[in-house]
Amino acid sequence: DMFLFTNVASSFLVTDVVATIGLQRSVQGAAVLMALGCWFRSGLSFLPVIPQAPHLMSYASVVIGTLMVGMAQPFFQCTPPVLSATWFASSERATSTAIALNFNQIGIATAFLVGGSMATSVPGLEDYFGVIALLATVTAVGCLLQFQNEPPVPPSQSELDKKLSG
């Protein structure tokens, strides 16, 4: 319930946040928030170098992490049309939006399938949360290093005209 409430509330904010701070900062901030939320949910206990760590994080840590993930997720679900409008010519926008939206759903389905097969025991759940946290961290780092607000060359004449007119 808390995840869905946070997710829906954040969905209403995505457009305003993107308009205020731009697509790049919005997506990068959401990627970092997602990674941090995943770490709050998983902790570091799956790493063998910390033997004194508990198997799973406290309930409060899991809730905080879940709320962070709920706040971040809409920035990946609601921004594909903005990304397409910025990076692709008008003839390519429907396809790029569809690909982004569908791969988001494929990622969710994959997480359910992998999670269902890994999380059959406490150590399995711990490993699953660890894998998700590592993947979210790698993705966040990649996003911070490579995600740009707009392409160096406008993808269409209309985008070029819009950029030249201010």
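Thresholds, definitions, all that
- For every chain, the first residue of its written sequence is number 1, and the numbers climb from 1 along that sequence.
- Thresholds applied to this predicted model are a pLDDT of at least 70 for local features of residues and 80 or more for the giving and counting of side-chain atom pairs; totals over whole chains, interfaces and linings are not thresholded and use all residues.
- Hydrogens and water are ignored here; the side-chain numbers use all heavy atoms of the structure.
- Note on conventions: DSSP H or I runs of at least 4 residues are helices, E runs of at least 2 residues are strands, and numbering of each starts at the N terminus.
- Burial status follows relative accessibility: with a 1.4 Å probe on protein chains alone, a residue under 20% of its type maximum counts as buried, one over 50% as exposed, and anything between as partly exposed.
- Throughout, a contact is declared for two residues whenever any of their heavy atoms are within 4.5 Å.
- Every accessible area reported is derived by Shrake-Rupley at a probe size of 1.4 Å, with residue values counting cover from the shown protein chains alone.
- Charged residues are defined here as Lys and Arg on the positive side and Asp and Glu on the negative side; His and the ends of the chain fall outside this count.
- Every charge is mapped onto a representative atom, which is NZ of Lys, CZ of Arg, CG of Asp or CD of Glu.
- Only the contacting stretch of a helix is used when fitting its axis, a line to C-alpha atoms as for every element, and angles between N-to-C directions run 0 to 180 degrees.
- Any angle between 65 and 115 degrees counts as roughly perpendicular, while under 35 counts as roughly parallel, over 145 as roughly antiparallel, and the rest as oblique.
- Only Asp, Glu, Lys and Arg are considered charged in this grouping, and only Ala, Val, Leu, Ile, Met, Phe, Trp, Tyr, Cys and Pro are considered nonpolar; every other residue, Gly among them, is considered polar.

*Asks:* Whenever I open this one, the overall build of the protein confuses me. Can you help?
*Replies:* Helix and strand counts for the protein stand at eight helices and zero strands. Helices and strands appear in the protein in the N-to-C order α-α-α-α-α-α-α-α. Dimensions of the protein, computed from C-alpha atoms along their principal axes, come out at roughly 60 × 30 × 30 Å. Within the protein, the fraction of its 166 residues that count as buried is 32%. For the protein, contacts bridging at least 24 residues in sequence account for 77% of all contacts bridging at least 6. Here the protein has roughly 10000 Å² of accessible surface; of this, 71% comes from carbon and sulfur atoms. Of the charged side chains in the protein, 5 are positive and 8 negative; the average position of the first set lies 8 Å away from that of the second.

*Asks:* What exactly am I supposed to notice about the packing of helix α1 (residues 2–21) against helix α2 (residues 23–42) here?
*Replies:* Relative placement of two packed helices is described by the angle separating their axes and the distance separating the axes. Direction vectors running N to C along α1 and α2 enclose 125°, while the axes themselves pass 6 Å from each other. One way to sum up the angle between α1 and α2 is to call them oblique. Here V17, V18 and I21 of α1 lie close against α2, whose contacting residues are L23, R25 and S26. Classifying every residue of the contact of α1 with α2 by side-chain character gives four nonpolar, one polar and one charged.

*Asks:* What am I meant to see in the side chain of Q28 here?
*Replies:* Within the fold, Q28 resides in helix α2. Contact partners of Q28, with chain neighbours within four places excluded, come to C143, L144 and F147.

*Asks:* What exactly am I supposed to notice about the environment of D127 here?
*Replies:* You can see D127 is positioned in helix α7 (residues 122–146). Since its relative accessible area comes to 37%, D127 is described here as partly exposed. Taking the C-alpha atoms as reference, D127 lies 9.5 Å from G115; in sequence the two are 12 residues apart.

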